[in-house]
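Examination of the molecular architecture
These are the residues of each chain, in order.
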Amino acid sequence: MKNKALLLYSILLISTIGSCQNTDKTDISTLKVTSEMIAEQEAKCLDTYLITKIKDYNRDLDTLSVKEIKKLITENFKNLKKNKEDFISRNENALYQENNYFDSLTKPYLLTDEKLTDKENTLKKLVNNNHINYRDTILKGIYFNQSFKENKSYIKPIVRNNGSTVFKFSSEKTIYPFYNLNFHSEEDVQITDIYYHDSKENSLPTAEIHFPLNPIKIPQMKHVDSVAMSFKVRYLSKVDTLHFTKADIGVQKGKVKLLKMEDNYVEYELPYDYYPYHKGTLLEKVFYNKKAQVLDSEYSLSNTNHETAQEYYQDNLNHLQDIVSAIKNLNTREEIYLTLRYIALKNANIYLRSRAINRHLLKGNVSSFTLYLENTRDTISFSTILKNIDSVKEVYVNTFEEKTEFIDKNGKFISSIPHEITFLKSSRGNIQSTSYFQILNESYKFDYYFFNSKNGKYRALPYSNMEYLCPSILMVSSKDDKGISLGIQLISTLEPKVLTDVAFNNFRNLNYSKEGIVMYTDGSYYNLYDQNNQIITPYTSTPITKITPKKIEY
């Protein structure tokens, strides 16, 4: 029963959010809530996210019986009534701590002690062509990596935020620099089509997509060639500014009223803030000293209210009593569910139209400040196709916490290993094997394995290190019983076959030249040639069956 009580308490919390005086004198005990009444309150609700939150919380009532719901709500009401002094005392203490914190840090500053931050063009920061740059870089072409985890498929866009362009020699694909959207921009991203290696998907993901930060879940455990996506970006096109000085204390400009500006402390009243963005949303705040320099922020608190602890207690008590009366004669969970939603929404609609107080402490004496508020947003829409950075492979890994499964391009199980693995990747990150993998052992060193995709079997390899020399060749080394290196051997990336009997020295003596790869051993330098007597370069990707080292005379 304790867990059920906690569950119901969380439901009641959302119902009492921002409790405030409801002036509606309707007899709550005779209230018969309909879906139309719910829809009417939802249409009035400014905070669309709160609608979903109320709906989700109250859906948890499915785990309680009607009798349990009524009993627990009644007990909550009685406990609140019984513990009035404790409730008020705790809230008074919280308010005292809040006020005391601000009071203790409010002080005059010497000009030399003030902490400043860089001055910037805030209007240009908020209203610019960033959304155009964002669109254009996406339309240039974005690739994604695909992964499989616990029998689920994901794609993750590959983007670069450092402004550089990368060319992947192994795939001959270019990854362009990515322009992030402005912080206050909003976007709606949808997948319109999924193209697997053998089919097109009609059943599309419905979860919200946070592009390009988070992986996107894909319905089927199959190799994805590409996905078609639509973008709708809502960006700021006009911003309002309100500027206040000490002469404006007690003055209201627009919907903002300056209450206090003393030393390093500022307090002002404005409409209660909520999400999503809307006209009047406070976007940025810039505080200045007497020399018009921008002050660094110490601490701030937003969306506080005027209520005393006594008023807050009475509002909560009245609200719970309304709920007890409203559900007293109800007989089904659905009736109770609708009633709680209705009361919560109606209460929220009053609170969201109330006014709040913002409080700020700065690292210097405040002489003036400017608020930047949303006025207008415009929308830009576009579509693109994201492509898989990899072509279809013979084998993929499906990772679990304590094992790894090998699957084919259709998600079909091949075999498994009771370890977490990673496929071998070149140090430059432009090549990754689908046959060689490594496991971190108890000594925090790698054990290496070869996976045969034709028979689904894997076997351990006797090497202490493996690294790509080029897309067709791996450098491998092993050690004797005393831990001394036995030199570098060269093997094929297709199978663990040694390509030359010559053992080279070590990685440090590996160099690249215009003539090809230069390796060093026993005081001499060598170029490498394949079975067709073609020189091997760092970019050789054709299958190699034999290597012939040829000495270079310097």
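Whatever comes next refers back to the structure up there.
Computed from a prediction, not measured in an experiment: that's the story for all the values here. (Residues numbered from 1 in each chain as written. Predicted model: local features only at pLDDT ≥ 70, side-chain atom pairs only at ≥ 80, totals over all residues. Heavy atoms only, no water.)

**Notes on unusual backbone geometry**
Cis peptide bonds are those with omega within 30 degrees of zero, and the linkage from phenylalanine 211 to proline 212 qualifies with 0 degrees. With respect to the element layout, proline 212 can be found in the loop between strand E6 (200-201) and strand E7 (216-218). Of the consecutive residues tyrosine 275 and proline 276, the connecting peptide bond is found in the cis state with omega at 10 degrees. When you line up the elements, proline 276 lands in the loop between strand E11 (265-271) and strand E12 (282-288). (Helix = DSSP H or I, 4+ residues; strand = E, 2+ residues; numbered from the N terminus.)

**Comments concerning the sheet that holds strand E14 (residues 355-362)**
In spatial order, the strands read E9-E10-E11-E14-E13; together these five strands make up an open sheet with antiparallel pairing. Pairing within the sheet leaves two strands with one partner each, and these edge strands are strand E9 (252-253) and strand E13 (297-304). When strand E10 (residues 256-262) meets E11, the two strands line up antiparallel, connected through five bridges. Across the sheet, lysine 257 pairs through a bridge with glutamate 269, a residue of E11. Along the sheet face, helix H5 (residues 84-105) touches E11, E13 and E14 and points at about 35 degrees away from the line of E14. (Pairing = 2+ DSSP bridges. Contact = heavy atoms within 4.5 Å. Axes fitted to C-alpha atoms, helices over the stretch in contact; angles between N-to-C directions.)

**Describing helix H9 (residues 333-351)**
Taking 1.5 Å as the rise per residue, H9 with 19 residues should run 27 Å; its terminal C-alpha atoms sit 27 Å apart, in good agreement. The element H9 is largely enclosed, with a buried count of 15 among its 19 residues. (Expected span 1.5 Å × (residues − 1). Buried < 20%, exposed > 50% of the residue type's maximum accessible area, 1.4 Å probe, protein only.)

**Section: the packing of helix H4 (residues 66-82) against helix H8 (residues 309-327)**
Helix-helix packing is characterised by the crossing angle of the two axes and by the distance between the axes. Between H4 and H8, the shortest axis-to-axis distance is 10 Å and the interhelical angle comes to 155 degrees. In terms of axis orientation, H4 runs roughly antiparallel to H8. Regarding H4 and H8, the two cross each other, and that crossing is left-handed. Two secondary-structure elements touch here, H4 through Lys70, Ile73, Thr74, Asn76, Phe77, Leu80 and Lys81 and H8 through Tyr313, Asn316, Leu317, Leu320, Gln321, Ile323, Val324 and Ile327. Grouping the amino acids of the contact of H4 with H8 by side-chain chemistry returns nine nonpolar, four polar and two charged. (Parallel < 35°, antiparallel > 145°, perpendicular 65-115°, else oblique. Left-handed = near helix turned anticlockwise from the far one by under 90°. Nonpolar A, V, L, I, M, F, W, Y, C, P; charged D, E, K, R; others polar.)

Functional significance is not addressed by these values, which are geometric in nature.
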